[in-house]
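The primary structure of each chain is shown beneath.
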Amino acid sequence: MKAIPTQARAKQKRAALIAAASECFVSYGYHNTTAKTVASKAGVATGTFYQYFENKEDMLRVIAKQRMEELYQQVPSATEFLELSSNVEKATVKPGATERIFHHVLELIYAFHEQAPELHQILEQRKELDPELAEILGQGEKMLYDRVLMFVNRFNIENADAVAFNLFAMAEGLVHRQVFSRPRQSKALTLQLGAAMLASYFDNL
């Protein structure tokens, strides 16, 4: 990846290209998106694209990194999450706090996938062909997993790593099914039941 510019005008052009690329990938698909179509969408010359990005593969990696960083910044920002993670003893956890935290996190993950499901699917497909993209997505998932593990460790569970893995997989799988399968069950009910089921494990410790 090329270095991120420091001047305000250059930053704006780069941001405009990233936004345009996201739209192009969704509208035209990965294979039909080119530097020219992205530049045209952003209202700049094709040469400007290459000032900030090597090619469309590089652009997709930048988009992936940006999306993972945005989600990561939101997950630990929930007040209830911070309150609960600061409590060392389970006895000090407020009733219902665990379920509210899981509901908040599920909402964040859902919004992340629903925001651009076509783009998410492109990223999932391309990571099988692009080791650098796969590494970026893997690092992003690891950061999120570490947050889950930090939460689980507050309960002094013996198999904390395995519990965190299962929680992360179940939360992601639940959201994937709701967003991409479009079941008859409403989003609200899915998240409500999902949060209650995930929290029940800790309530019964």
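Here, the structure is the one placed above.
Predicted model only: the values in this text are computed from it and were never measured.

Asker: Explain the overall build of the chain to me, please; I cannot follow it from the model alone.
Answerer: For the chain, the helix and strand inventory stands at 10 helices and zero strands. When the helices and strands of the chain are read in sequence order from the N terminus, they spell out α-α-α-α-α-α-α-α-α-α. Considered along the principal axes of its C-alpha atoms, the chain spans approximately 60 × 40 × 25 Å. Buried residues in the chain amount to 41% of all 205 residues. Across the chain, contacts joining residues at least 24 apart in sequence account for 69% of those joining residues at least 6 apart. If the 23 positive side-chain charges of the chain are averaged to one point and the 24 negative ones to another, these points end up 7 Å apart.

Asker: Is there a simple way to think about the side chain of R61 in this case?
Answerer: Within the fold, R61 resides in helix α4 (residues 56–74). Each residue touching R61, except ones within four places of it in the same chain, is listed here: M1, D130, E132, L133 and I136.

Asker: Could you clarify how one ought to interpret the environment of A16 in this entry?
Answerer: If you trace the backbone, A16 turns up in helix α1 (residues 8–28). The sequence separation of A16 and A42 amounts to 26 residues, and the corresponding C-alpha distance is 5.7 Å.

Asker: Looking at this structure, how should I read the nonpolar core?
Answerer: Proteins that are soluble and globular tend to have nonpolar side chains buried together. Of all hydrophobic cores here, the largest spans 57 residues; its most connected members are F25, M59, V152 and F202. Every residue in contact with V152, bar those within four places of it in the chain, is listed here: I157, A160, V163, A164, L167 and F202.

Parameters at a glance
Position labels on residues start from 1 in each chain and follow its written sequence. Since the coordinates come from a predicted model, pLDDT governs what is reported: local features require at least 70, and pairs of side-chain atoms require 80 or more to be given and counted, while whole-chain, interface and lining totals use all residues. Hydrogen atoms and water are omitted, and side-chain values are computed over all heavy atoms in the structure. Numbering of helices and strands runs from the N terminus, with a helix taken as a DSSP run of H or I at least four residues long and a strand as a DSSP run of E at least two residues long. Here's how the labels work: a residue is buried when its accessible area is under 20% of the maximum for its type, exposed when over 50%, partly exposed in between, all with a 1.4 Å probe on protein chains only. Throughout, a residue-residue contact means that at least one pair of heavy atoms, one from each residue, lies within 4.5 Å. In this count, Lys and Arg are taken as positive residues and Asp and Glu as negative ones, while His and the chain termini are left out. Every charge is mapped to an atom, namely NZ of Lys, CZ of Arg, CG of Asp or CD of Glu. Joining through side-chain atoms within 4.5 Å is the link that ties buried Ala, Val, Leu, Ile, Met, Phe, Trp, Tyr and Cys residues into a set, and such a set is a nonpolar core.

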